[in-house]
Amino acid sequence: FGDKFKKPEGSWECDICLVQNKAEDTKCVACMSAKPGASAGTSSGASAESSSASTAPVFGLGDKFKKPEGAWDCDVCLVQNKAADVQCVACQTAKPGANVEP
Ligand SMILES: [Zn+2]
Ligand SMILES: [Zn+2]
């Protein structure tokens, strides 16, 4: 039971009209919209990188905003300073907790 409704291998469903298309179809047989994920346009001898586009760097955005190791925020002007800085590059306030005078 249910086997009858199983999709044939590689078949895909059109996002637009929900018609089911065969794997070898590169566009919908009903509305001619391109197969989702199919490398339409610039066919510059693209290698077979078909199977479910998964290499897109969607997540990991947060890394860009991660503080560099040892960086610190100025309490006064909130500028981020590097670990090597002993005082704020903007307002010259001493780094909090820094041993300015041993
Ligand atoms: Zn369609
Ligand atoms: Zn500052």
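As the structure is a prediction and not an experimental result, all values here were calculated from the model.

Rules of the game
- Positions within a chain are numbered from 1, following the residues in the order the chain's sequence is written.
- Each chain is given a letter, starting from A, and each ligand a number, starting from 1, according to the order in which they appear as written.
- Predicted model: local features are reported for residues with pLDDT of at least 70 only, side-chain atom pairs are reported and counted for 80 or more only, and whole-chain, interface and lining totals are derived from all residues.
- For side-chain calculations, the full set of non-hydrogen atoms in the structure is used, while hydrogens and water are omitted.
- Sodium, potassium and calcium take a 3.2 Å donor cutoff, other metals 2.8 Å, and in both cases only N, O and S atoms count; water is not among them, so sites may look incomplete.
- The rule is simple: four donors are tetrahedral if all their angles sit between 85 and 135 degrees, four are square planar and six octahedral if opposite donors span more than 155 degrees and the others lie between 65 and 115, and anything that fits none of that is irregular.
- Segments assigned H or I by DSSP are reported as helices when at least four residues long, segments assigned E as strands when at least two residues long, and all are numbered from the N terminus.
- For each residue, the accessible area found with a 1.4 Å probe, counting protein chains only, is set against the maximum for its type, and the residue is called buried under 20%, exposed over 50%, and partly exposed in between.

> Just checking my understanding: could you explain the coordination of the zinc ion (ligand 2) for this structure?
Six octahedral donors around a metal ideally make angles of 90 or 180 degrees; four tetrahedral donors ideally make 109.5 degrees. Coordination of the zinc ion (ligand 2) by the protein involves Cys 74 (SG), Cys 77 (SG), Cys 88 (SG) and Cys 91 (SG), with metal-donor separations of 2.2 to 2.3 Å. Coordination at the zinc ion (ligand 2) is tetrahedral, judged from the four donor atoms that bind it and the angles of 102 to 120° they form at the metal. Within one chain, the residues serving as donors to the zinc ion (ligand 2) are arranged as C-x2-C-x10-C-x2-C. In this pair, Cys 74 sits in the loop between strand E3 (72-73) and strand E4 (80-81) while Cys 91 sits in the segment after E4, placing the two residues 17 residues apart along the sequence. Overall, Cys 91 belongs to the partly exposed group, its relative accessible area being 29%.

> How do you make sense of the coordination of the zinc ion (ligand 1) when you look at a structure like this?
Summarising the metal site, the zinc ion (ligand 1) is bound by the protein donors Cys 14 (SG), Cys 17 (SG), Cys 28 (SG) and Cys 31 (SG), whose distances to it range over 2.2 to 2.3 Å. Every donor counted, the four donor atoms about the zinc ion (ligand 1) form angles of 102 to 122° at the centre, which fits tetrahedral coordination. What makes Cys 14 buried here is its relative accessible area of 2%.

On their own, these measurements won't tell you what the molecule is for.
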